[in-house]
Amino acid sequence: MQPSVAYIGIGSNLGDTVLNCKHSIARIDGTSGCEVTARSDLFKTEPEGVAGQQWYANCVIEVKTERTPHNLLDSLMAIEHEMGRIRKKKWESRIIDLDLLIFGELVLDSPDLVVPHPLLHTRRFVLEPLVQVAPELVHPILNITIQRLLKKLPKESYVEILKEGA
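A brief report on the enclosed structure follows. (Residues numbered from 1 in each chain as written. Predicted model: local features only at pLDDT ≥ 70, side-chain atom pairs only at ≥ 80, totals over all residues. Heavy atoms only, no water.)

### Some details on the overall build of the chain
Right, on to step 1. For the chain, the count of helices and strands is four helices and eight strands.
Right, on to step 2. The secondary structure elements of the chain, listed N-terminal to C-terminal, are β-α-β-β-β-α-β-β-β-α-α-β.
Right, on to step 3. Against the 2.2 N^0.38 benchmark of 15 Å for 166 residues, the chain shows a C-alpha radius of gyration of 15 Å, consistent with a compact globule.
Right, on to step 4. Projected onto its principal axes, the C-alpha coordinates of the chain cover approximately 45 × 35 × 30 Å.
Right, on to step 5. Considering the chain as a whole, with its 166 residues, one finds that 48% of them fall into the buried category. (Helix = DSSP H or I, 4+ residues; strand = E, 2+ residues; numbered from the N terminus. Rg over C-alpha atoms; globule rule 2.2 N^0.38 Å. Buried < 20%, exposed > 50% of the residue type's maximum accessible area, 1.4 Å probe, protein only.)

So this is what it looks like as structure tokens:
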């Protein structure tokens, strides 16, 4: 099987958010059939969906993988669980959140996985770091580059690059 290139969004707003993101990247890179080939800066982003939460650390990684999309998702969810994430309700604070954003040119709509991520094109906290990693990547459904998607997005949410020691 030819390896695929996947893009994974990473976020954390509980505990040491920067360290949580870095640990998840190391775990993904240590997963059989996965190699992290690029990483964006870490960004400080305001939470969406619920008021009163801590701000997030977010980044995007590029992964070369021999896994299927569902198998990769299972691995990401296992890493979340190992790091202490407990899913109770939508939009809750989380120690780690790993989202499969894009998997090659695949378009998939199954009950447990939708690729590309259905909200990818609406989220500045995903597009800003994704542009650093793959600005010319073309969204498989919208047929537009990630860079153009970001330029079309209104600047309503706050995003800034985090200093690694912060």
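### Some remarks on the environment of Ile144
Right, on to step 1. Checked against the element boundaries, Ile144 lands in the loop between α3 (124–133) and α4 (146–152).
Right, on to step 2. Between the C-alpha atoms of Ile144 and Gln53, which are 91 residues apart in sequence, the distance is 32 Å.
Right, on to step 3. Discounting chain neighbours no more than four positions away, the residues touching Ile144 are Leu137, Val138, His139, Leu149 and Lys152. (Contact = heavy atoms within 4.5 Å.)

### Quick notes on unusual backbone geometry
For residues that are not glycine, phi is negative in most cases, and the peptide bond is trans in most cases.
Right, on to step 1. The peptide bond linking Val115 to Pro116 adopts the cis configuration, its omega dihedral lying at -5°.
Right, on to step 2. Structurally, Pro116 is set in the loop between β7 (113–115) and α3.

### Some words on the layout of surface pockets
Right, on to step 1. Counted as a void, the largest pocket has a volume near 820 Å³.
Right, on to step 2. Along the wall of the largest pocket there are 36 residues; nearest its centre are Arg94, Asp97, Asp99, His117 and Arg123.
Right, on to step 3. For the lining of the largest pocket, the elements supplying multiple residues, two or more each, are β1 (4–12), β4 (56–65), α2 (69–82), β5 (97–103), β7 and α3.
Right, on to step 4. For the lining of the largest pocket, the residue count by class is 17 nonpolar, six polar and 13 charged. (1 Å grid on protein atoms, 1.4 Å probe; cavity = no way out; pocket = protein on both sides within 12 Å on 5 of 7 lines; lining within 4 Å. Points joined across faces, edges and corners; volume = space filled by probe spheres on them. Nonpolar A, V, L, I, M, F, W, Y, C, P; charged D, E, K, R; others polar.)

### Notes on α2
Right, on to step 1. An ideal rise of 1.5 Å per residue puts 20 Å on 14 residues; α2 measures up with 20 Å between its terminal C-alpha atoms.
Right, on to step 2. Inspection of α2 places Pro69, Leu72, Leu73, Ser75, Leu76, Ile79 and Glu80 among the buried residues, and these make up the whole buried set. Seen from one end, α2 has its buried residues packed into an arc of 160°, which puts them on one side. Turned more than 90 degrees off the buried face of α2, the exposed positions are His81 and Glu82.
Right, on to step 3. Positive phi appears at Gly84, one or two residues downstream of α2, with a value of about 105°. (Expected span 1.5 Å × (residues − 1). Arc of directions from axis to C-beta.)

### Thoughts on the pattern of salt bridges
Right, on to step 1. In the structure shown here, the tally under the stated rule is five salt bridges.
Right, on to step 2. The partner of Arg85 in a salt bridge is Asp97, with the nearest N and O atoms 2.7 Å apart. Of this pair, Arg85 sits in the loop between α2 and β5 while Asp97 sits in strand β5; the two residues are 12 residues apart in sequence, bridging distant segments of the chain. Exposure class is identical for Arg85 and Asp97. Each is buried.
Right, on to step 3. With a shortest N-O distance of 2.9 Å, Glu128 and Arg124 are connected by a salt bridge. Separated by four residues within a single helix, Glu128 and Arg124 lie in helix α3, roughly one turn from each other.
Right, on to step 4. Owing to a relative accessible area of 4%, Arg124 belongs among the buried residues under this scheme. (Salt bridge = Lys/Arg side-chain N within 4 Å of Asp/Glu carboxyl O.)

In short, geometric facts, not functional conclusions.
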